[in-house]
Each structure stands twice: as structure tokens, then as C-alpha cells.
Amino acid sequence: MGSNMAEAHPVGFQWVMEAKARGARVLHIDPRFTRTSALADKHVPLRAGSDIAFLGGVINHILSNDLDFREYVQAYTNAPFLVSEEFADTEDLDGLFSGYDPETGTYDTSTWQYENGLPEHSAEGDRHREQSAGEQHGSGGPKLESGTGIATDETLRHPRCVFQILKRHFSRYTPEMVERICGVSREDFLDVCRAWTSASGREHTAALVYSVGWTQHSMGAQYIRAGAIIQLLLGNIGRPGGGVLALRGHASIQGSTDIPTLYNLLPGYLPMPDARHAGKQDYVESIRGTHQKGYWHNADDYIVSLLKEYWGEAATAENDYCFGHLPRIDGDHGTYRTVMDMIDGKVFGYFLLGQNPAVGSAHGRLQRLGMANLDWLVVRDLTMIESAEFWRNAPEIETGEIAAERCRTEVFFFPAASHVEKEGTFTQTQRMLQWRDRAVEPRGDQRSELWFIYHLGRLLQRKVAGSTDDRDRPLQDLAWDYRTEGDGEFPEPSADDVLRRINGADLTTGELLDSYLQLRSDGTTAAGCWIYSGVYAGGVNRARNRTARTEQDETALEWGWAWPANRRVLYNRASADPQGRPWSERKKLVWWDAGRGEWTGHDVPDFPKNTPPGFEPEYGEAGPGALAGDDPFIMQADGKAWLFAPSGVVDGPLPTHYEPHESPMPNLLYGQQGSPARKVYARGDNPSNPAPPESGGEVFPFVFTAARLTEHHTAGGMSRQLAYLSELQPALFVEVSPQLAAERGLANLDWAHVVTSRAAVDARVMVTERMRPLRLDGRVVHQVWMPYHWGPSGKVDGDIVNDLLGVVLDPNTLIQESKVATCDIRPGRRPRGRELLEYLAEYRRRAGVTVETGTHVMTADTTASETAAPETTEPETTGRDTTAAPDTTDREEDA
Amino acid sequence: MTVSRESFYGPLDDVSGDAGYTEHPERVGFFTDTSVCIGCKACEVACKEWNLLPDDGFDLLGMSFDNTGELSANSWRHVAFIEQPAPLRESAAAREADAVDLGLPSFDLPGAGTGEETRTDFRWLMSSDVCKHCTHAGCLDVCPTGALFRTEFGTVVVQDDICNGCGYCVSGCPYGVIDRREGDGRAWKCTMCYDRLSDGMEPACAKACPTDSIQFGPLDELRERARQRVATLHERGVTEARLYGEDPNDGVGGDGAFFLLLDEPEVYGLPPDPVVPTRDAGSMWARAGVAAAAFAAAAVSVFFGRSSR
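Given the structure is predicted, the values throughout are model-derived calculations rather than measurements. (Residues numbered from 1 in each chain as written. Chains lettered and ligands numbered in written order. Predicted model: local features only at pLDDT ≥ 70, side-chain atom pairs only at ≥ 80, totals over all residues.)

1. Topic: the overall build of chain B
Alright, step 1. In terms of helices and strands, chain B carries 9 helices and 10 strands.
Alright, step 2. Burial status across chain B gives 38% buried among its 309 residues.
Alright, step 3. Across chain B, the fraction of contacts at a sequence separation of at least 24, relative to all contacts at a separation of at least 6, is 67%. (Helix = DSSP H or I, 4+ residues; strand = E, 2+ residues; numbered from the N terminus. Buried ≥ 20, exposed ≤ 12 C-beta atoms within 10 Å, placed from the backbone. Contact = placed C-beta atoms within 7 Å.)

2. Describing the overall build of chain A
Alright, step 1. Per the secondary structure count, chain A includes 25 helices and 31 strands.
Alright, step 2. Its C-alpha atoms give chain A a radius of gyration of 27 Å, within 12% of the compact-globule value 29 Å for 895 residues.
Alright, step 3. A principal-axis box enclosing the C-alpha atoms of chain A has dimensions of 75 × 70 × 55 Å.
Alright, step 4. Looking at chain A as a whole, 57% of its 895 residues are labelled buried. (Rg over C-alpha atoms; globule rule 2.2 N^0.38 Å.)

3. Focus on the domain arrangement of chain B
Alright, step 1. Considered domain by domain, chain B is made up of domain 1 (9-86 + 120-276) and domain 2 (279-309).
Alright, step 2. The distance between the C-alpha centroids of domain 1 of chain B and domain 2 of chain B comes to 43 Å. (Domains from an automatic or database assignment.)

4. Some words on the pairing of strand S20 (residues 598-601) of chain A
Alright, step 1. Where strand S19 (residues 590-593) of chain A lies against S20(A), 4 bridges are found, and the strand directions are antiparallel. By the bridge assignment for S20(A), A:Trp591 is matched with A:Thr600. (Pairing = 2+ DSSP bridges.)

5. What to know about the interface of chain B and chain A
Alright, step 1. In this assembly, 30 residues from chain B lie in contact with 38 residues from chain A.
Alright, step 2. Within the residue set of the side of chain B that touches chain A, elements represented by two or more residues are helix H2 (42-51), helix H3 (92-96) and strand S3 (122-130) of chain B.

6. A short note on the sheet that holds strand S10 (residues 376-381) of chain A
Residue and element names in this part refer to chain A.
Alright, step 1. Spatial strand order, S9-S10-S11: 3 strands in an open sheet with parallel pairing. The open sheet is flanked by strand S9 (349-353) and strand S11 (410-415), the only strands paired with a single partner. Strand-to-strand twist across the sheet, computed as the mean angle between neighbouring axes with direction ignored, equals 10°. (Axes fitted to C-alpha atoms, helices over the stretch in contact; angles between N-to-C directions.)

7. A short note on the confidence of the model for chain A
All names here are of chain A.
Alright, step 1. Scored by pLDDT, chain A comes out at a mean of 93, with 94% of its residues at no less than 70.
Alright, step 2. Across residues 118-123 the pLDDT falls below 50, and counting only partners more than four positions away or on other chains, this stretch makes 16 contacts in the model.
Alright, step 3. This model gives residues 872-890 a pLDDT under 50, and the stretch forms 45 contacts once residues within four places in sequence are excluded. (pLDDT = per-residue confidence, 0-100.)

8. Considering the sheet that holds strand S18 (residues 561-562) of chain A
Residue and element names in this part refer to chain A.
Alright, step 1. The 3 strands are arranged S12-S13-S18 in an open sheet whose pairing can be described as antiparallel. The sheet terminates laterally at strand S12 (424-427) and S18, the two strands that pair on one side only.
Alright, step 2. Alignment of S12 against strand S13 (residues 432-436), held across 4 bridges, turns out to be antiparallel. If you follow Gly424 over to S13, its bridge partner there is Arg436.

9. Here's the deal with the UniProt feature "transmembrane region" (unreviewed entry) in chain B
Alright, step 1. Here, UniProt's "transmembrane region" (unreviewed entry) annotation points to residues 284-304 of chain B.
Alright, step 2. End C-alpha atoms of residues 284-304 of chain B are separated by 29 Å, and the span's content is 100% helix alongside 0% strand. (UniProt positions renumbered as here; feature names shortened; annotations may be inferred.)

10. Here's the deal with helix H25 (residues 834-847) of chain A
Residues and elements named next belong to chain A.
Alright, step 1. The terminal C-alpha atoms of H25 lie 20 Å apart, and with 14 residues this matches the ideal 20 Å at 1.5 Å per residue to within 8%.
Alright, step 2. Three or more residues of H25 are buried, namely Leu840, Tyr843 and Ala847. Looking straight down H25, one finds that the buried residues subtend no more than 55° of arc, so they occupy a single side. Residues of H25 that are exposed and point over 90 degrees away from its buried face: Arg834, Glu835, Glu838, Ala841, Glu842 and Arg845.
Alright, step 3. Those residues of H25 that are buried lie in contact with strand S24 (751-755) and strand S25 (760-767).
Alright, step 4. Once H25 ends, the next one or two residues include Gly848, with phi positive near 70°. (Expected span 1.5 Å × (residues − 1). Arc of directions from axis to C-beta.)

11. So, unusual backbone geometry
Residues and elements named next belong to chain A.
Alright, step 1. With an omega of -10°, the peptide bond between Trp563 and Pro564 qualifies as cis.
Alright, step 2. Here Pro564 shows up in the loop between S18 and S19.
Alright, step 3. Following Pro692, the chain continues to Pro693 via a peptide bond in cis, the omega torsion being 5°.
Alright, step 4. By the element assignment, Pro693 lies in the loop between strand S21 (679-682) and strand S22 (702-707).
Alright, step 5. Even without being a glycine, Asp777 presents a positive backbone phi close to 50°.
Alright, step 6. Its place among the elements puts Asp777 in the loop between strand S26 (774-776) and strand S27 (779-781).

12. Description of the nonpolar core
Alright, step 1. With 223 residues, the main nonpolar core has A:Ile59, A:Val162, A:Leu307 and B:Cys139 as its most contacted residues.
Alright, step 2. Filtering out sequence-adjacent residues up to four positions away, A:Leu307 remains in contact with A:Ala315, A:Tyr321, A:Cys322 and A:Phe323.
Alright, step 3. If you look at the next biggest cluster of nonpolar residues, it comprises 76 residues, including A:Leu369, A:Ile402, A:Ala759 and A:Ile800. (Core = buried A, V, L, I, M, F, W, Y, C linked by C-beta atoms within 7 Å.)

13. Description of the environment of A:Val736
Residues and elements named next belong to chain A.
Alright, step 1. On the secondary structure map, Val736 appears in strand S23 (residues 733-736).
Alright, step 2. For Val736 and Leu475, which are 261 residues apart along the polypeptide, the C-alpha to C-alpha distance reads 55 Å.
Alright, step 3. If sequence neighbours within four positions are ignored, Val736 has contacts with Ala741, Leu746, Val765, Val767, Met771, Val784 and Ile825.

14. Overview of the environment of A:Thr508
Residue and element names in this part refer to chain A.
Alright, step 1. Within the secondary structure, Thr508 sits in the loop between strand S16 (505-506) and strand S17 (525-526).
Alright, step 2. When the 10 C-beta atoms within 10 Å are taken as the criterion, Thr508 is described as exposed.
Alright, step 3. Sequence separation of Thr508 and Pro493 is 15 residues, and the distance between their C-alpha atoms is 25 Å.

Put into C-alpha cells, the structure is as follows:
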């Protein structure tokens, strides 16, 4: 679901085809019939943005028919745990959970806690949203004060146990509701339920694959939570053939969150320090509870080792290991906030490394207007992309909003070396690092990122060498001493040396570390990314392991290296039953060897090696030693998988169906229309199309969704320049059903234009049965699809599809809702120049769009009557940032 | 070298031997299993990259996702996309229910629905087409310059430095594969990466295919594998699976590049019953020989007849 794997990940899709050849049934649930659907055993179309209603229906089907893998659920999830009496569910509050603050549109999560886990004070939902706190748990769960001593009911009957709460919460997600909300027939829905639940239990597993079709929603994190709940109820996590597979958007996007290009994270999912943290101790305590279980309890080891890697000799116990050198965040510094700050004149410099936001990010117009209001912009890319040429070819030139002669931004373009012209690693979907050798030398001035950043840092360090300003200390103290290769003034830094430093070393002996278990908080170890410790175990670059799959077993531990500790299936303790025996011979992966007193198996066991299955920790114990023998989820504070999330998810402890920010449909399940915690920006340059209960939505009656084609690469920088790819998909098109084509007078191959309150975009019409009108709650809803790869540069050009989208974000991740919006479509080409602006203004007038449209997020009918205040932005004249540090994960170029 | 009737038509066990190679490697070919093709077109790109072909122009064709259109001098692999209603199979519900509900007859005004009520299953066929490297290759048989030749691998290749652009081969191909390049005039087509074969490598398209839809290998092995694949698909209820071009008794003596299709060949733009145009060349020569002999006999008899007078 939410994935077009055959088109967007064709190479990985070979394994789906292999599984199919071996008898697996492949189901594809997606708004449109894609090349993935063509190869699946069954395709089920649903309305874009209605996935949680569908998944909630599956959860309800499992729980109402007792189809869960009860032994697994009882032992390995938090199903038996009791939740605080103060907790109130969406059932009670018309679609809201307890703790909602209508003023800020955020939750105080303190009522979501376990009954007698010590309460974690989380009355700062607003701050959590601003800093996309939900995203800071990328390698394990959020904190709990105590992991032991939580009240439970092993019979799963207590009305406040997680299992019963789950049952009540999803009870209204019936097949009838699924049909009315998603447009999926009862027969199709039940067929999916039957197939999914039959791939469960001791002998069977099912794998769930999702991609950015799930993440790019105003409640994207909850989509994934819903999928994860199903997989847990069916016992499909930590077992071979199971799992939730998140296909990442590009090569090494997984790497760019592990070693992040995100403003709110440090390497290994350590959160970025906050302005409130007095010092390191304060910071560490904010990450982990004093008595929590598992490996996050050792966070101090990880942060100190990172600080030692950054500042080397300068980092000492006396100066808190230079913790004060780390930048502190105090709010939303995400990519979209930064762009708005650019427009508002608060940012004057911007680096773009391998990004083309003028085409690839949601609301391209906002991106271009932002970039046109800088002092300088550095673009490093393979070719002259639109983000380097916007000042002369942006669509705003035609409308007069950008004029080359008046545009103040000075653009510096640096040609980049491609992946075959440099060495290093990719970290992919399966957390696997794979080393690339340099195949050819880069031509001309093309250089690697490593080269650019290394020498930039070196020159900056030289510039501040004599400074006595405290502000320059972090740069002066930086241990910027990587090995280089070659000579001259600008030699190439060694990627191999960087990987060694990421792996880490024992500073007393100089030996490379074998595992993150060796990290210490006393300053005797250094490691650039704790979860990557072990990639250079034994002094061998394990990312470069290339034993063919024909020469090893199917776990293939000798190909590349997967974090953590080369484990291929995370939480694989769950592949054995509570007594430590494989659930079945067929699905055997890791098990307890009583004779040797250790865990063993085909994979590297993801569990303390010598903790026996029956082990029970003492009350109040902490860390890895507090993990019971049946606590497979070793990164969670209580050792269990969370069906219900007592903390860490800022928009609700359970997934709930809300309509997308822009939707033609009212929420049929609750009075609460959209996600009550979604992040909206009320700005004149970011208008929203109306959605119920607002009026005017009929002006934009169709559901809009966008995605990729196999033939192009994201924003086109790597494909529109190449004839062999351009000829395969030479022009922007829009897919419509024959019925919609008839309704709007659209003919195959003719021009049409798609309109939202932000933009109008020209495209050629493709009439296809692959788009199917949906019958929803007694009415017919049409969906419109476009690929988004075109822009004004390159061998084939076209309008920019991302201009159609506005900026509204998931509060957990600050990822934009770019997979669903509403739109209109008309035959013929759009107006040009100033007339286009008038045309859009007229659309907004007809729909009654104002700056407030879509920003009153609370529509539930509870006692609270005030609506949430949107973030309003007045241009400020103070405090210009020196540079922006945009985040560059999946949200970029995927919109 | 003897020219037998089999040199023009019918099964031929040793195609390279027939072409005069005394010692040669096994005949190789492509088995394109369209049931696992994902339409990624990596074969088209890999082919162009390896063979340094020109692009084919940037035209949106409006034929589903096919913007290549057909095999041509510049496109030696072509992925066809066919959107069509799928053959009706038993639905999941029907499988479970034993009883059949005949229901009451009902009437709906035409056009009252959205169409989704009456909609059957839908499918999207994808298939990567290529030169067939026929056992009896019409292009080769009619080439007057010898530019087209049979390789030791049993494949058919044009030599661009010999081709004079006469175009006989274009009309000689029963599949419409070989084509003259605009502005160049010479004929071009798939060589099955003759240069790569000579170095022990597989052709670029097969190498790039992520799902092994394009399989390369000794033709006999491929034929066996293909028959097994069809049997497997039939067992799974995909009864429409069939092979195309694998039969040595067909009009071209069997293809060196054959296919597993999920519908009639015409649906994919393939001729249903291709016949090498030189099929009758052997018998024509024989008849021509008889005729010549008869003429000669007549001529001789004229003289003898005269002298006997």
C-alpha cells in the first residue's frame, strides 16, 4: 500500500516477483492501477488519503473475529498493559483524544500514559510539533520513566488494557464504512482481510511494503502505525518473510536519516539538543527514563562518543565533552519553515546539495520565490537544474513576479561528481551499507560532496583560526583531520577514513570498535554514528563484503553490512516463541540454545546474547539488563511493541481516520474532519482549497494525487538531461478515467490544465481505464493523477506539477501532504502571464478561499468551543539566520 | 555446402552448421517471459547505451506508456503496453460460495452508473519485443550484398560497412523488424549484442532486466524452461499463457527470440502466423530447374528432331 514498487523500485521488485514465483500472493492497494498492480495478483483501488479507514477496517476485522496471533500479541506487544484512567479515546470525544489544546492545535500526551508507569510530563505538544519530535525515534522508541512494574492484564479483558482500547477504538471501522469512505467494495475488502490474516501464525507470515504514498500525508506517521499494528496483531514483525518494509525515496535516503541531514537529529537518531537543555546530563535525561529498559538507556555512551569524534582532544570530562558546542534548536527549522523565512527576508544564504526544490518540493512557487530573495545560493549538482536557473526560467518570469535583472540572489553553481565518480557507501531501505568503488575519475571541476564539505570546513576553520569570539570555538576545536589522498592544495579526502571514524575506535588503544556495546561515556571511545559501530569490525570494511548469494545461505550475512550489528531482521527474538523455540521449522530464524546458554540462529540475534527466555528482571532495574527473556523489542523502553503509543507520537496514541487537509468528503466517522494536530501555515502565499465543513469545495471537486514514473528520476535533474530516458516519457501528462474525460470534455493527447488555489498546470491528457471513478457514500468521486518530473530545463520540458500543492505538514515528521489534494481540470491550455494570476484569483474568489481557509483545524464537537489558532506569520525585521540547514530526506524531490 | 529444402523452410537442427560453420558454439537466443515484465524499459535503455543508438525523438504517442511505438532502426527493443479487460476468473467470493445466486433480472438505464458496477477485471500487459533471429531469416535470404549474415551463435547480424541500403531486407522480414535509418539509409536491427557474445557476456537487455523477463541462453535450454513456465502458469489458472515463436515447425523454422504471451499475438502487435517470404525458394529453384531442363530438352529435341529429318 502507498507504494508503486515496480515503477519506483524496479530493481527491488525482482524479489517480489521471485516470491510470487514461489507461490506468494501479491496484493496491491493503491488509488490507481500502476505497473505494480499489473504484476500483482489483485489490485484494490481506494480513494487517495483514505488508507487509515481501510487499515482500521482490517484491524477491526482481526479483533472482531479473534484472528490475531494471540500468543505473540500477549507476550511481545503492550496489549496487556493498562492505560491511565484519565485517557479518553476518539470514541468519547468525537474524533479527538484527551489532552487536546484547541489554542495551539496540539496534544498534551500525559493522559496517554500506562497506569503506573511513572508519568512523563509532556505538556509541551506545541514544542514537540515544532521540532517534529515524532521523527526523533528513528532507531527505537521514546522514553518511559520505568520499563518494569507496569500494570497488566494477561487475559486481555480489562477495559483499560491496550487490547480492549484498540478493540473499542476500531469498532466503528466496519466493512460498510470502508466501502463508504474508501470506495472499496465489501467483497474486495474482505478478500484482502482473508488473504492478510491467513498469512499469520506459526507457519506463515506476510510482508507489508509502503513508500512515500504513505508518508506524504498530514497524518503519514499514523498510516505507518496502522500498518504496524496489523503486522503486530498477526505476529509478522521480527520474523522471516514478515516486517514493514519502508521503501526509501532515493539511493541512501536511509543513510541521510541515519547520519542525518535533518535539523532535529544527530547521527544515530540522537535528538538535536534543545535550547532548554542546561548541559549534557540534562539532555541525556530527556532522552531516556532512569528506569527504562533496553539499549536507549545507554544514550550517554552514544552522545559522549559522538562528541569525542567531533571535537577529539578538545572534548574532556571537564568541559562536558564540548556538549555546549552543539547547536540548539528552539522551534521549527524545517525545510518549509525555512523557505517561508526566505520569503520573509530572514534567511540570506542557502546550500542545495543534490536537491531541486524549484521542481521537486511541494509548492514549487513558494520555493522559487524564497530562493529569489536570498543574498547567495550555492547549488551543487550534476547539471544546471531549475533551482540554479530559476532566476531566468522560472514560471514567475512570465507572470512578472521574478525578473532576472532585479533578482537579488547570487547563484554559485558547483559541478558535482556522480556516484560512479566517487567512493563511499549507500545505506538503503534494508539498513544495509554497501560500499561503492570509484569506477571513473570525475571530469573537469566535478568533485565529490566529501571533497566540497571537507575543504569548505578546512577553509572556514582557517578563517576563524585567530578569532577570540566564543562563537567560533566549535569550529576552532573541530577534529577536522581526515586522511586525504593525492596531493596539491585540494586533495580528495578518504571516504574509507570517514567510514572508520563513523565506526569508531577505542581511544586508549587506537583499535577500531567491533560493536556499539563497546561505547563508553567516560571519553575513552569515539564513534561518529553509534548504530554504525561494527561496520569496520576487526579492521575490515564490511560494507564492502560481496559474497554472492549463491555462495551463502539466504540470510546473506556476507553481503554488505546492516545496522545494527549486521542484523538482517530487526527484533528477530520474536521469530522464536516465548520459550525461545522457533515458532515453526518453516519460519525458523533465531532461537535459544539451552546447551550453550545463548541465542543463536541464521541471523545475528537481536537480543542480549545470554539472557535466557524465562528471565525476569527485578523491579526498578534499568537498561539492557532489565530486558525480560520475552522482551524482543530491545530499543523500546518497556521491551514490547507498541500497539498503543503512550508517548512519542504527537498526534494520537492510535491511528484514526481523518480526511486529508483538502478533501471532497466529510469525515464519516467523527465530527473531527482533518487531523487535529496537522501543521498548517496561514499565509497569503499558501492558500488551501476548502474542505468540509467549509463551503466552496465544489470548485475543486476532484481528488488529486501525484507520483513518479520509472523512466524519470524525481525532479528530473538526472533524467530530463538524457535523451534515452527523455524519449521514453517525453511530456507531462494527466491521467483521467474515460468517465471524467466525458464529463469534462477531455480527449486523449489533447491539452488540459489542472487547477488548484495555488497554480494551474498544463498537461497532455491520457484517458485510461487504469483510473477508476469511485462510488463514495452514494456519490461518484473522480481521481486525477500526474507524474511530477517536469520543469523548464532539460531536453523535455513541462509545467511544474508540485506548484499545484500547498504546504500542510504531518506534525510528527514535518513531511508535507503531497499525495493528496483537491483540484479542478479543464480542457485546453491555461492562461499565461498576468492573466494566469487573474485566473487563479478568480478560482479562489469562486471557492471563497481566504488566508484562513483550512486553518481552523478543530471541527470536533466537544465541550471545547474555540478553534485552534493557526500559525500566522507576520514579516519580522529582526534575527536573520546566517544559513539555513534544510532537511533533505524523503520529503525533498518526492512531493 | 549443400542447400537442402530445410535451408529455406521447416525445422533445422543446426542452423550455424547449415550456414557453413563446421565448429561453432551452441545456438543461443532470448526467451522473453512477458508474464513477469514490469514495463520498466531498462532493456530499451541498456540496448541504446551499449549499441550507441540515436534517440527516436521526443514524441508523446498516447498509447498507454509506450512512447517508442515499434521496433525500428533506432530502437532494437520495444516494450508494448496493452490496457485491456482481463479474462474473467472466479472471484474470491465465488470460490467460497457453492450455491449460485441467480438473482432477479433487473434493469438499469444505460449510462446511469459510473461503469464500476459492471466492470470486470482489468489488466495491463507489457512485453519487450525484439528481432526474432529466425531459423529461416527472410532478411538474410534476400540480402544481395551479404551484409546480413548468420553468426556462429546462430543469430542474424547486419554489417553496417557492407550494407548498401537497398532495403530488400525490410520487405523480407515477416515481423517488420529490420528498418532503414533516416538520413543514413542503411538497415539496422538487434545483433543480440554480437560483440558481447564474442566476449562471453550476455546481451545488454537481458543483463539489465530486473525481473528476468528477458532470459538469454542456449536455445534448447530456454525452450525447455519456457515449456515448464507455461505448465506452471496453467496449473495456477493462467490458462491463456502460451508460447510464441518457439515452434521449429512454424513459418520461420522457429525463432531465436521467442516469447511467453498472455493473449493472442495480434494483441501485442505480433503477426499470428509469420512465414518467411523465401519459404518456396527451394521448390521454386527446383521447379525452375525442371523448367530449365525442359527448355533445354526442348531445345535439344529441336536440333535432334531437325537432324533426324
